[in-house]
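Observations on the model geometry
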2 protein chains.
Amino acid sequence: EATAEVIDGKLVAKQIREEITAEVSRMKDAIGVVPGLAVILVGDRKDSATYVRNKKKACESVGIKSFEVNLPEDCTEQEVLKYISDFNDDPSVHGILVQLPLPKHMNEQNILHAVSIEKDVDGFHPLNIGRLAMRGEEPLFVPCTPKGCIELLHRYNIGIKGKRAVVIGRSNIVGTPAALLLQGEDATVSVVHSRTKDPEELTRQADIIISAVGKANMVKGSWIKPGAVIIDVGINPVEDASSPRGYRLVGDVCYEEASKIASAITPVPGGVGPMTIAMLLSNTLTAAKRTHNFQ
Amino acid sequence: EATAEVIDGKLVAKQIREEITAEVSRMKDAIGVVPGLAVILVGDRKDSATYVRNKKKACESVGIKSFEVNLPEDCTEQEVLKYISDFNDDPSVHGILVQLPLPKHMNEQNILHAVSIEKDVDGFHPLNIGRLAMRGEEPLFVPCTPKGCIELLHRYNIGIKGKRAVVIGRSNIVGTPAALLLQGEDATVSVVHSRTKDPEELTRQADIIISAVGKANMVKGSWIKPGAVIIDVGINPVEDASSPRGYRLVGDVCYEEASKIASAITPVPGGVGPMTIAMLLSNTLTAAKRTHNFQ
Ligand SMILES: NC(=O)C1=CN([C@@H]2O[C@H](COP(=O)(O)OP(=O)(O)OC[C@H]3O[C@@H](n4cnc5c(N)ncnc54)[C@H](OP(=O)(O)O)[C@@H]3O)[C@@H](O)[C@H]2O)C=CC1
Ligand SMILES: NC(=O)C1=CN([C@@H]2O[C@H](COP(=O)(O)OP(=O)(O)OC[C@H]3O[C@@H](n4cnc5c(N)ncnc54)[C@H](OP(=O)(O)O)[C@@H]3O)[C@@H](O)[C@H]2O)C=CC1
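Thresholds, definitions, all that
Residues numbered from 1 in each chain as written. Chains lettered and ligands numbered in written order. Predicted model: local features only at pLDDT ≥ 70, side-chain atom pairs only at ≥ 80, totals over all residues. Heavy atoms only, no water. Patch = residues over 30% accessible without salt bridge, like charges linked within 9 Å, V, L, I, M, F, W, Y side chains within 5 Å. Areas by Shrake-Rupley, 256 points an atom, 1.4 Å probe, with all protein chains shown as cover. Salt bridge = Lys/Arg side-chain N within 4 Å of Asp/Glu carboxyl O. Helix = DSSP H or I, 4+ residues; strand = E, 2+ residues; numbered from the N terminus. Buried < 20%, exposed > 50% of the residue type's maximum accessible area, 1.4 Å probe, protein only. Axes fitted to C-alpha atoms, helices over the stretch in contact; angles between N-to-C directions. Parallel < 35°, antiparallel > 145°, perpendicular 65-115°, else oblique. Contact = heavy atoms within 4.5 Å. Nonpolar A, V, L, I, M, F, W, Y, C, P; charged D, E, K, R; others polar. Near = heavy atom within 4 Å. Polar contact = N/O pair within 3.5 Å; in protein donor to acceptor, adjacent residues only side chain to side chain. Expected span 1.5 Å × (residues − 1). Pairing = 2+ DSSP bridges. Phe/Tyr/Trp six-rings, centres within 6.5 Å; stacked < 30°, edge-to-face > 60°. Lys NZ or Arg CZ within 6 Å of the ring centre and 35° of its normal. Right-handed = clockwise from strand over helix to strand, strands pointing away.

For the rest of this paragraph, the subject is a nonpolar patch on the surface. Residues and elements named next belong to chain B. On the surface, a cluster of nonpolar side chains totalling about 340 Å² of accessible area is made up of Y51, I235, Y247 and L249. Within the secondary structure layout, Y51 lies in helix 2 (residues 46-62). Looking at Y51, the relative accessible area reads 40%, which means it is partly exposed.

Residues and elements named next belong to chain B. Where helix 5 (residues 126-133) meets helix 7 (residues 175-184), the axes come as close as 9 Å, and the angle between the chain directions of the two elements is 30°. Comparing the axis directions of helix 5 and helix 7 gives the class roughly parallel. Along the contact surface, helix 5 presents I129, L132 and A133, while helix 7 presents P177, L180 and L181. Classifying every residue of the contact of helix 5 with helix 7 gives six nonpolar, no polar and no charged.

Let us now look at unusual backbone geometry. The peptide bond linking A:V268 to A:P269 adopts the cis configuration, its omega dihedral lying at -5°. In this structure, A:P269 sits in the loop between strand 11 (264-265) and helix 10 (272-291). The residue after B:L100, namely B:P101, is reached through a cis peptide bond having omega -5°. Relative to the assigned elements, B:P101 resides in the loop between strand 4 (95-98) and helix 4 (108-114). You will see that A:D186, though not glycine, has its phi angle at about 70°, which is positive. One can find A:D186 in the loop between helix 7 (175-184) and strand 6 (188-192). Positive phi outside glycine occurs at B:N157, with the angle close to 50°. Here B:N157 is to be found in the loop between helix 6 (144-155) and strand 5 (164-168). Exposure remark for B:N157: the relative accessible area of 71% places this residue in the exposed category.

Another point: the site of ligand 1. In the region of ligand 1, 22 residues are neighbours, and A:R170, A:S171, A:S194, A:I235 and A:T276 sit closest. Lying at an intersection of chains, ligand 1 is approached by residues of chains A and B. Here an oxygen atom of ligand 1 sits 2.5 Å away from a polar atom, N or O, in the side chain of A:S171. Contact between ligand 1 and A:I235: an oxygen atom at 3.0 Å from a main-chain N or O atom of the residue. For ligand 1, whose free accessible area comes to 920 Å², the fraction covered by protein is 71%. Taken together, the residues of the shell around ligand 1 break down into nine nonpolar, ten polar and three charged.

Before going further, it helps to examine helix 1 (residues 9-31) of chain A. All names here are of chain A. In this model, helix 1 (23 residues) spans 32 Å end to end at C-alpha, consistent with the 33 Å of a helix rising 1.5 Å per residue. Looking at helix 1, one finds that the buried residues are G9, V12, A13, I16, I20, V24 and M27. On its buried face, helix 1 sits against helix 2 (46-62), helix 6 (144-155) and helix 10. Between the side-chain oxygen at the start of helix 1 and the backbone nitrogen of K10 there is a gap of 3.2 Å, and the oxygen is on D8. Positive backbone phi, at 70°, marks G32, one or two positions downstream of helix 1.

Turning our eyes to something else, we now look at the side chain of B:Q205. Considering the arrangement of structural elements, one finds B:Q205 in the loop between helix 8 (199-203) and strand 7 (208-211). Using a relative accessible area of 15% as the deciding quantity, one classes B:Q205 as buried. Leave out the neighbours within four places in its chain, and B:Q205 touches A:L202, A:Q205, B:R164 and B:K225.

Moving on to the interface of chain A and chain B. Opposite the 34 residues of chain A that make contact, chain B presents 34 residues. Summed over the shared surface of chain A and chain B, the number is three salt bridges. In this structure, the salt-bridge partner of A:E201 is B:R164, at a minimum N-O distance of 4.0 Å. Joining chain A to chain B, the criterion identifies 18 residue pairs in polar contact (both at pLDDT 80 or more). Sorting the residues of the side of chain A that touches chain B by element identifies helix 4 (108-114), helix 5 (126-133), helix 7, strand 6 and helix 8 (199-203) of chain A as the ones contributing at least two each. When residues of the side of chain A that touches chain B are assigned to their parent elements, the largest contribution, six residues, is made by helix 5 of chain A. Across the side of chain A that touches chain B, the residue classes tally to ten nonpolar, 14 polar and ten charged.

The subject of this paragraph is the sheet that holds strand 3 (residues 65-71) of chain A. Strand pairing in a sheet takes place through backbone hydrogen bonds and is either antiparallel or parallel in direction. Residues and elements named next belong to chain A. Spatially, 3-2-4 is the arrangement adopted by the three strands of the open sheet, whose pairing is parallel. With partners counted over all chains shown, the strands left at the sheet margins are strand 3 and strand 4 (95-98), one partner each. Here the strands of the sheet are splayed against their neighbours by 15° on average, with no regard to which way each runs. Note that strand 2 (residues 36-42) and strand 4 share four bridges and pair parallel. What sits directly across from V39, in strand 4, is L97. Sheet strands touched by helix 2: strand 2, strand 3 and strand 4. Its angle to strand 2, the strand with the most contacts, is close to 170°. Along the sheet, helix 3 (residues 77-89) makes contact with strand 2, strand 3 and strand 4, crossing strand 2 at roughly 180°.

The next point concerns the packing of aromatic side chains. For the structure shown, the criterion picks out zero aromatic pairs over all chains. The aromatic ring of A:Y247 is capped on one face by A:R245, whose charged end is 4.8 Å from the ring centroid.

For the rest of this paragraph, the subject is the pattern of salt bridges. For the coordinates displayed, the defined rule picks out 26 salt bridges over all chains. Measuring nitrogen to oxygen at the nearest pair gives 3.2 Å for the salt bridge that ties A:R204 to A:E200. On the basis of relative accessibility, which here comes to 38%, the residue A:R204 falls in the partly exposed class. A:E200 gets classed as partly exposed once you look at its relative accessible area, which sits at 24%. Across the pair B:R155 and B:E151 runs a salt bridge, and its minimum N-O distance is 2.9 Å. One end of the pair, B:R155, and the other, B:E151, are both in helix 6, four residues apart, so they sit about a helical turn from each other. Exposure remark for B:R155: the relative accessible area of 32% places this residue in the partly exposed category. Taken together, the salt bridges that share partners define one network made up of A:E19, A:E151 and A:R155.

Let us now look at helix 5 of chain A. Of all eight residues making up helix 5 of chain A, eight are buried, and the element is well covered by its neighbours. Among the structural elements, helix 4 and helix 7 of chain A together with helix 5 and helix 7 of chain B are those in contact with the buried residues of helix 5 of chain A.

So, about the pairing of strand 2 (residues 36-42) of chain B. Residues and elements named next belong to chain B. The element strand 2 is largely enclosed, with a buried count of seven among its seven residues. A two-sided burial pattern is seen for strand 2, the buried positions comprising G36, A38, I40 and V42 on one face and L37, V39 and L41 on the other. Taken together, strand 2, helix 2 and strand 3 (residues 65-71) form a β-α-β motif whose crossover is right-handed.

Structural data, given as structure tokens:
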């Protein structure tokens, strides 16, 4: 029977949204500024459209103004850059987000690097990642998903300092910044990736596991040290005839097995997912506060 | 009895300097450009003066022009910034190096960030470190000491991909970039630091150990897996009555014990030290080639 505490990302995200709502209204009352987030969506991928819609809705729910641009799949890189440049110059926009992935004919790096570093609420700019990696430096923004993972640990009072942590996955947007954040909080961090020879051996030593791979149920019970804390970032569709859509979403970690061994675990959905959006709102608020020097 | 192969950094550095000499003269013949390195030394620390002198000598030995500025301990941050700005604008200077540590009344970050990213041959700019950390991005320069460590592994045909690596130390200039480089070459990397609870346990799992701590003989034989490869970055003075100076230099790793267990090891001195300077010359050459679009 399950013994692990469920780390309720949905609930924590709701609390954070309430905190942000209060701050947004305090700022509006004090200096008349409303934080603004611009979202650029290129093409007509259904999943991307859903993400963008959810982000817009989340903005509305906390009083952040959102600006949306939808461009056709076949538009040019130049056009996207033009919108970014306009948003960079627009004082009512404090954060700019380009929904990924972009169509294949565009250079993702060119586009991401064009976002002004002060408005890079995704925190994907190499300057931000560099500052995250360096002691004594502070990034302007921490990437939303890994920030959400650490925030969950904090809000559940899970100690990080001195703990052994394993991050599975090393992408620019999740795995690598998650490892840097854990190390910045004095965990001893190991990073597992597709070339790791015995991922189970190393993972089983971890007090804290963050998995961001994208493979359903990859992390089995045998990979987990009794009492470990598990943050499961993966979102993977698996066939499910009993679901009206024919599939359901699961994480990278075999939840059934893990929940019997771990001391705490995030569910999928309802774990890291809602936190990602909450952190985006938080970064947007931070951007607006910084621009207007509002404490 | 010792069985480990000695990784001869002095010899490899000499080979690299010869390669650089050839390239410098090829470039001069082809386009009439001589690479130039500017070194800024503030204060009168003896060790810093020695390092700067060695760097100048090394430049001369390969035909790189060196420019040196010596400023008094009590000069202002403004003065240092003025020299940096002049060197940034000077087309005969391709690399700029500020010898650390700076006097305490100066803000190290302000000064390091002032160096133009195209001339940051030390590779310490957060933008460079960020690019090093990110997949699909390339840093303009890789920091010299960690680059030297990896170069030694390459020149001794020591495979990195899929290997377990432990980096001891996480400084901005050695440990962190060394870990990022190893991970970029597909090692599975763990970073040990002063808050790590059982450094021995984790280190003993490593196929490759890079130690950059600054504690004489900290890494004992028992920390080392038989057959591991050891790159010892530490330079630590220990009392030695038999030496004319009263001390000698040793690494972080207990060489006597390690050389019986490891398959290969760098000595101190004569290991990583000479490689650091060779990589500085290499970065300066790279800077000049890039500026003049010379292949
Ligand atoms: N909850 C949320 O809000 C978010 C969820 N996600 C989800 O997180 C997951 C990861 O996303 P993302 O980081 O963008 O994915 P990427 O595909 O960019 O990265 C996946 C990483 O996993 C590693 N990997 C692949 N196979 C294995 C394996 N067998 N063993 C160990 N490591 C492996 C890869 O290694 P290598 O580098 O060697 O290729 C890579 O580093 C996805 O399921 C995604 O949907 C992502 C963002 C936000
Ligand atoms: N060969 C060469 O050319 C060069 C040699 N060096 C030498 O390398 C060494 C390291 O230099 P540098 O990186 O600048 O040093 P720093 O002092 O900046 O960093 C030392 C690192 O070691 C960690 N550390 C300290 N004590 C322990 C411990 N007991 N166990 C595990 N880790 C520990 C620290 O951890 P924490 O972060 O938790 O404080 C820190 O990350 C020095 O001996 C230096 O002289 C340096 C540069 C060039």
